[in-house]
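Observations on the three-dimensional arrangement
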Amino acid sequence: MAYAEMIVAQTNRKLDKPFTYAIPEHLRDKISIGTRVFVPFRNKEIEGVVIDFSDTADVENVKEIIDIREGVPFFTEKQLELARWMAKYYVCPLSVVLQSIMPSLDFTVQTREEKAVRAVPGLDRERVLQELNRAPKQRDVFQYIFEHSPVLLKDLNKLFKNPSTPIKLLAKKGYVEIFSFEKDERLVTKDPAIKLTAEQEAALQKIEEELHKKCYTPILLYGVTGSGKTEIYLRALEINRKNGRQAIVLLPEIALTDYMIEQFKARLGEKVLIWHSNITAKEKRIAWEKIRTGEASVIVGARSAIFAPFADLGLIIIDEEHETSYFQVQNPKYHAREVALKRGMLESATVILGSATPSLETAFRASKGEFLLVKLDQRVDARPLPKVKVVDLREELQKGNFSIFSDLLQDKIRDRLANREQVILFLNRRGYNHFFICRDCGYNVRCKRCDISLTYHAESQKLKCHYCGFQQDLPDICPQCGSKKIRGFGIGTERVEQECRKLFPDARVARLDTDIAQKGQRKYVLEEFKNGKVDIIVGTQMIAKGFDFPDVTLVGVISADLSLSMPDFRARERTFQLLTQVAGRAGRGARPGEVIIQTFWPENRTILTAQKQDYSEFYQYEILLRKELGYPPFAHLIRILTLGEKEEKVREGCLSFADLVKEKIADNQAVTLLGPAPAPIAKLQDLYRWQIILKGIDVNELRRLTTEALRKVHDLTYIAGQLRWSIDVDPVGIF
């Protein structure tokens, strides 16, 4: 092992290959696969990561590794295999993939632990106290722990004289358990398991059989909203832990992660780790150390949690697997669902994909037998699905109602407020007005950096771009014709909130969207709603999934038409998913739920199937359309986006790329080239954007064509260095 093969921290595709370095004698026992090191590279010192070893070198004058960055490897050999697959499948440099797998951690962070004790769940208190009659000190300590569980050991030391001995004896008898937690971590009471329905029992039995096999099994857990999928996840995690294996749970929203982490911690009775972009450097460091040392067995988080370096991964759960947030839009552009399936294959793990509205690709694979299908067709406790009514907004206008709330929705809200029940109002667009235009000349106030209309935000009194962050003051007159008739049009969550306060002045109203989340108020708003201190919550898709608020009996969809009108072949699917998911927030408690969907297109088939909450009917007609048009799951897509500061150069570059591909597919009827053409958003963050799309059945052939064209286009001197290309394999959206 005299030489190390490594990937250097350079994103240039021409440098996307292993480089050989000699290992100094004093470092040979400290370097392994995944170790980060410092190496000389082109007259400077840069970082690299070891991916292989060899006894010989194929090049002369091999340079030596300078030093190691940390003394521990940052990924396992199986993770390296996963990274190689990602680099190949998503046409991305391996160095970029490895950077996403290796989190940036602060090794100077120190952790401080404290010990606590809690009563074992499910104990009969009176029986235990009776058994401890002859041990009065143990009895007194147990009674206090039972009533105040969990309790810090340092607090018990203040209340009792030398409590450590009785606590150890109680633990030995199985009455209490001692555990450690970080000093800044909040103690969570451990909850007992709830009784499963017969349908849940049958579903869990199928999953348990696969977990015990300890081999790769992909499972689609289809369950209507409120059917108890989370309980199945928790039981599966307990079984997996008893098997001595680790688990990853992916959730689509950070808001949902914060909400559900307490459930997982309370049930599993251990430090369940959390991982997403908003946690601190200290929290990341603690989590990574506990994973590496084997102290933790479960991590819950957003898509990047899929790279947790577990040594014996047995279970991966992806909740709401249909969500587009599982696709990363920055390099490396990957879909966490597909990465999870590949990692499950490499690690011989069970992969559970859960959803009430599975993506068509997942449902299709299940119909073909590629995934085991496990179904939950009924809500728990035989609760009915909410009744859904569709309101034709055209009729509202005809009878003189120009409010954003239909008469029916207003009446239903008043009824819920009178009964002290809660309401969710959903609109998947933030801000106050969607755009500002001049009524005289038609001038539209647009972003200076992007080809997009600016959104008016009433709170800040600013026009803002939701893509690049640019903002400006409201114009008093039209910049083009000088007219004072420049007004805002369209509605967002800010306006819905304002109108709600006007119509229902006594109601406690809150809003949850990205603007609120960026202020750090997301958790607070959810807690207030959960605790009944908010009557009406207005929100975007953040509130449309996963949350379980038993007092919500009414959901109002302000406009069902926004997503349906998007220029995307997945628009119908996304609309159905959004409507069904948000409708599922109603009636999850003892009282039945109701949903009001407002639309200008009430006869649309997607809205009608969402009204019936009939996924099977939607799937049957949508899958036929996809087959007829040759779109996923019957074909793969690769989008090649050309970007640059000069529009003409971007156009030329995209045309050149298209010509290179056309040369290769002239006689290949299995590949279709769409474009070149400007992207739907032709300019974003000062960069012009043109695109082509490759469509075909064989994704390997599409990737080969893309890779070859990329190599050649970089050699074209008249555009080299002035443009860059962005590759999306199986994109979930084209904007």
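Here goes a summary of the coordinates provided. (Residues numbered from 1 in each chain as written. Predicted model: local features only at pLDDT ≥ 70, side-chain atom pairs only at ≥ 80, totals over all residues. Heavy atoms only, no water.)

1. What to know about the sheet that holds strand β23 (residues 509-512)
Heads up, the condition is: A pair of strands is treated as paired once DSSP finds two or more bridges between them. Only DSSP runs of H or I with at least four residues qualify as helices, and only runs of E with at least two residues qualify as strands; both kinds are numbered from the N terminus onward. With axes taken as lines fitted to C-alpha atoms, and helix axes fitted only over the stretch in contact, angles between N-to-C directions fall between 0 and 180 degrees. In this description, contact between two residues means that some pair of their heavy atoms is separated by no more than 4.5 Å.
With parallel pairing, the 6 strands of this open sheet are ordered in space as β16-β26-β25-β17-β24-β23. In this open sheet, the two edge strands, each paired with only one partner strand, are β16 (387-392) and β23. Taken pair by pair, the neighbouring strands of this sheet meet at an average axis angle of 20 degrees, ignoring direction. The strands touched by helix α18 (residues 571-583) are β17 (422-426), β25 (552-557) and β26 (594-599); relative to β25, the strand with the most contacts, the crossing angle is about 155 degrees.

2. As for unusual backbone geometry
Most of the time, phi is negative for any residue but glycine, and the peptide bond is trans. Here the amide bond leading from Asn 331 into Pro 332 is cis, since omega sits at -5 degrees, within 30 degrees of zero. Turning to its location among the elements, Pro 332 is positioned in the loop between β13 (313-319) and α11 (336-347). Here the amide bond leading from Gly 675 into Pro 676 is cis, since omega sits at 5 degrees, within 30 degrees of zero. Of note, Pro 676 is situated in strand β28 (residues 671-684). Positive phi, normally seen in glycine, also occurs at Asn 162, with a value near 50 degrees. For Asn 162, the location among the structural elements is in the loop between α5 (153-159) and α6 (164-172).

3. A short note on the packing of aromatic side chains
A ring pair, where both rings are aromatic, is described by two values, the distance of the centres and the angle of the planes. Note the following rule: Side-chain rings of Phe, Tyr and Trp, where Trp is taken by its six-membered ring, are said to pair if the distance between their centres is within 6.5 Å; with planes under 30 degrees apart they count as stacked, over 60 as edge-to-face, and otherwise as tilted. The cut-offs for exposure are 20% and 50% of the maximum accessible area for each residue type, with area from a 1.4 Å probe on protein chains only; residues under the lower value are buried, those over the upper are exposed, and the others partly exposed.
Throughout the structure, instances matching the rule amount to 22 aromatic pairs. Here Tyr 144 and Phe 160 contribute two aromatic rings whose centre-to-centre distance is 6.0 Å and whose plane-to-plane angle is 75 degrees, an arrangement assigned as edge-to-face. With a gap of 16 residues between them, Tyr 144 in helix α4 (residues 136-148) and Phe 160 in the loop between α5 and α6 connect regions that are remote in the sequence. Residue classification places Tyr 144 among the partly exposed positions, given a relative accessible area of 26%. Ring centres of Phe 364 and Phe 634 lie 5.0 Å apart, and the angle between their planes is 65 degrees; on these two criteria the pair is classed as edge-to-face. Taken together, the positions of Phe 364 in helix α12 (residues 360-367) and Phe 634 in the loop between α20 (615-629) and β27 (636-644) put the pair 270 residues apart, joining distant regions of the chain. Taking the relative accessible area as the measure of exposure, Phe 364 reaches 16% and is therefore buried. Cluster of aromatic residues (ring-pair linked, three or more members): Tyr 222, Phe 576, Tyr 615, Phe 618, Tyr 619 and Tyr 621.

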